[in-house]
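# Overview (structure and organization)
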Amino acid sequence: MSKSARKYLIAGNWKMNLNSAEGAELAKDVVSLVGAQTDVAVCVCPTFTVLESVSKVVSGSNVQLGAQNMHFEASGAYTGEISAEMLRHLFANFVILGHSERREDFGETDAIVNKKTLAALAANLKPIVCIGETLEEREAGKVKEVIKTQLEGALVGVTAAAADALVIAYEPVWAIGTGKTATPEMAEEVHAEIRCLLAGLIGAEAAEKVRILYGGSMKPENADELLAQKNIDGGLIGGAALKASSFAALVESAQKLSK
Ligand SMILES: O=C[C@H](O)COP(=O)(O)O
């Protein structure tokens, strides 16, 4: 299967920014800029309280909705948590899981990310499973080891049947929100390794279908080169997703490469 068989995905992670009115405004601008194109899959991931207003705005367009987290249980005594079913009720299609900020700030382990991944898939949500090394780990030459542990830990019990829904985001922690981007070669090396590990986990054919996004200071100035890499199938965008024009420019980069 060639790269062109995987549709690029540009996903905006708005993190803990914007209230429901501000989120709806940004979503309106995104829809007006890229909501009609069909070459690239586009998704915006607001915080929980903003999902409903953004859901209404993107409805009927080609901009899809994602959440930034979820609990692995369907319901119950889990104060402050949100389930996959609740996200589906708001017409979310994607959910970001295991972001490094959640791993670091909220103690999410690979085992928790695994439970969430299985629950998301069972609820027909596409999980965007985040993995990536810290600067310390990179400098210690442990990138492959870290990636392998995180990927295998997150995907226990995931089968080839999930390949079309599954999305992996490689986010080197040292590149997130720092302005430091992995060079296209550095990123591609890890993405190729991830695809190879996926082949071992779910089979080579299924691994070819999985989209692997790059995240970490991706912006219009560096997107063309990153997205052109053989195993980079899109981006998980933080800062640049908070401005409709820069987010749309990233979608346009992917669109050019889709032709
Ligand atoms: O989820 C998105 C990433 O953490 C990247 O954030 P950034 O684009 O602000 O570096």
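All values derive from a computational prediction rather than experimental measurement.

## Quick word on the site of the ligand
The immediate surroundings of the ligand are formed by Asn 13, Lys 15, His 99, Glu 171, Ala 175, Ile 176, Gly 177, Gly 216, Ser 217, Leu 236, Gly 238 and Gly 239. Between an oxygen atom of the ligand and a side-chain N or O atom of Lys 15, the distance comes to 2.8 Å. Within the backbone of Gly 239, one N or O atom sits 2.8 Å away from an oxygen atom of the ligand. For the ligand, the accessible surface in isolation is 300 Å², of which the surrounding protein chains cover 94%. A class-by-class count of the residues in the shell around the ligand yields three nonpolar, seven polar and two charged.

## Description of the packing of helix α7 (residues 143-154) against helix α8 (residues 184-202)
Running from N to C, α7 and α8 point in directions that differ by 40°, and their axes come no closer than 10 Å. Relative to α8, the element α7 lies oblique. By crossing handedness, the relation of α7 to α8 is classed as right-handed. Here Val 143, Lys 144, Ile 147, Lys 148, Leu 151 and Glu 152 of α7 lie close against α8, whose contacting residues are Val 190, Glu 193, Ile 194, Leu 197, Leu 198 and Leu 201. Tallied by class, residues from the contact of α7 with α8 come to eight nonpolar, no polar and four charged.

## Comments concerning α7
For the α-helix, the turn length of 3.6 residues means that residues three or four positions removed from each other point alike. The end-to-end C-alpha separation of α7 is 16 Å, in line with the 16 Å expected for 12 residues at 1.5 Å each. Where α7 is buried, its residues contact α4 (100-106), α5 (110-122), β5 (126-131), α6 (135-139), β6 (167-170) and α8.

## Description of unusual backbone geometry
Phi is positive for Phe 91, close to 70°, though the residue is something other than glycine. By secondary structure assignment, the location of Phe 91 is in the loop between α3 (84-89) and β4 (94-97). By relative accessible area, which is 64% here, Phe 91 ends up exposed. Its identity is not glycine, yet Asn 124 carries a phi of approximately 65°, on the positive side.

Thresholds, definitions, all that
Residues numbered from 1 in each chain as written. Predicted model: local features only at pLDDT ≥ 70, side-chain atom pairs only at ≥ 80, totals over all residues. Heavy atoms only, no water. Near = heavy atom within 4 Å. Polar contact = N/O pair within 3.5 Å; in protein donor to acceptor, adjacent residues only side chain to side chain. Areas by Shrake-Rupley, 256 points an atom, 1.4 Å probe, with all protein chains shown as cover. Nonpolar A, V, L, I, M, F, W, Y, C, P; charged D, E, K, R; others polar. Axes fitted to C-alpha atoms, helices over the stretch in contact; angles between N-to-C directions. Helix = DSSP H or I, 4+ residues; strand = E, 2+ residues; numbered from the N terminus. Parallel < 35°, antiparallel > 145°, perpendicular 65-115°, else oblique. Left-handed = near helix turned anticlockwise from the far one by under 90°. Contact = heavy atoms within 4.5 Å. Expected span 1.5 Å × (residues − 1). Buried < 20%, exposed > 50% of the residue type's maximum accessible area, 1.4 Å probe, protein only.

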